Amino acid sequence: MKKQEIPLRNSLLLLLTAAIWGVAFVAQSVGMDYVGAFTFNSVRCIIGAIVLLPVIWMTDRSNPKVTLTENEKRAGRKTLIIGGVSCGIFLCLASNFQQFGIKYTTVGKAGFITACYIVIVPVIGLFLKKKCSSYIWAAVVMALVGLYLLCITDGFSIGKGDLLVLVCAVLFSLHILVIDYFAPKADGVKMSCIQFLVAGVLSGIPALILENPQITSILAAWQPVLYAGVMSCGVAYTLQIVGQKNMNPTIASLILSLESCISVLAGWLILGQNLSIREITGCVIMFGAIILAQLPQKSKETVTA
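Each value, and the rule that gives it
- Residues numbered from 1 in each chain as written.
- Predicted model: local features only at pLDDT ≥ 70, side-chain atom pairs only at ≥ 80, totals over all residues.
- Heavy atoms only, no water.
- Helix = DSSP H or I, 4+ residues; strand = E, 2+ residues; numbered from the N terminus.
- Buried < 20%, exposed > 50% of the residue type's maximum accessible area, 1.4 Å probe, protein only.
- Axes fitted to C-alpha atoms, helices over the stretch in contact; angles between N-to-C directions.
- Parallel < 35°, antiparallel > 145°, perpendicular 65-115°, else oblique.
- Left-handed = near helix turned anticlockwise from the far one by under 90°.
- Contact = heavy atoms within 4.5 Å.
- Nonpolar A, V, L, I, M, F, W, Y, C, P; charged D, E, K, R; others polar.
- Patch = residues over 30% accessible without salt bridge, like charges linked within 9 Å, V, L, I, M, F, W, Y side chains within 5 Å.
- Areas by Shrake-Rupley, 256 points an atom, 1.4 Å probe, with all protein chains shown as cover.
- Salt bridge = Lys/Arg side-chain N within 4 Å of Asp/Glu carboxyl O.

Chemist: Honestly, the side chain of threonine 238 in this entry has me stumped. Any pointers?
Modeler: Position of threonine 238 among the secondary structure elements: in helix H10 (residues 222-243). For threonine 238, a relative accessible area of 8% translates into the label buried.

This is the structure:
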């Protein structure tokens, strides 16, 4: 595959990821009517890990065997485990901070603040010597304007829930950067499976202590839990890891931030919620930001391992 083709393919994978996450807001909202935040996140992540096991088995069988030395095998396993555990820790923390933050703030504010990772990622990236072109920074500003028009419909103020979701945005930014580091070095599907298992176990500990989850409650929420586990976790987070391979993390975060647009569209199509002129304008500006961010990548930026 030519280097120029990689960003386009990966961009489409990340766009599909954002679409799945956007629709998952509906499932997540319904699921919380039956179980607590830790329980919901634990079950969905464990389901995501289980879903990937047959995928890993089939992939290992179909891929040609590569002869490696024992040292190379050992180094590969070490990188895979460290990457999966690191991603799982950040995924667990970010997901739970977001879930609890939503309890104390409006959905619009939560969506806007969470999507602030599109600004936090390039800022953190500067300290990691990841430079961005002026086009990408312009796209970041456009995306923020679009998100504001899309999500903020009431007065903006900082409260307890806002601070919790802001912590979530920082953690998701670190999650994106950790994936950016490990994705080229490890098998994406296997690393995704490990991260779900870690996130599921870590979320399950406080769930057992604080929420006393019941099987009947989990079964009552089987539809949203299955969607969140199979699609949002098993499929979408794996697509994120595969899609971010050899992608600028700032551009990846811009594409993933489209989940805010798609969540509004999902509410319109599934729940019958109408879009205002303000919200439609926000969607258009965000799509424009994504296109602007992609243009310089095709001609100026080379793919790095």
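After that view, the rundown keeps rolling.
Chemist: What am I meant to see in the packing of helix H7 (residues 160-182) against helix H11 (residues 249-256) here?
Modeler: Contact pair H7 / H11: the axes reach a minimum separation of 10 Å and the direction vectors enclose 130°. Our classification of the angle between H7 and H11 gives oblique. Note on packing geometry: the crossing formed by H7 with H11 is right-handed. Along the contact surface, H7 presents Ile176, Leu177 and Asp180, while H11 presents Pro249, Ser253 and Leu256. Taken together, the residues of the contact of H7 with H11 sort by class into four nonpolar, one polar and one charged.

Chemist: What am I meant to see in a nonpolar patch on the surface here?
Modeler: A surface patch of nonpolar side chains, about 1000 Å² in accessible area, is lined by Ile81, Val85, Ile89, Leu93, Leu197, Val201, Leu202, Ile205, Leu208, Ile209 and Leu210. Sorting the residues of the nonpolar patch by element identifies helix H3 (70-102) and helix H8 (188-211) as the ones contributing at least two each. Among the elements that line the nonpolar patch, the one with the most residues is H8, at seven residues. Considering the arrangement of structural elements, one finds isoleucine 81 in helix H3.

Chemist: What is the right way to look at the packing of helix H2 (residues 37-62) against H8 in this model?
Modeler: Two packed helices can be described by the angle between their axes and the distance between those axes. It is the contact of H2 with H8, at a shortest axis distance of 7 Å, that shows an interaxial angle of 155°. It follows from the interaxial angle that H2 and H8 lie roughly antiparallel. Our pair here, H2 against H8, has a crossing hand that is left-handed. Class assignment of the residues belonging to the contact of H2 with H8 gives a composition of 17 nonpolar, eight polar and three charged.

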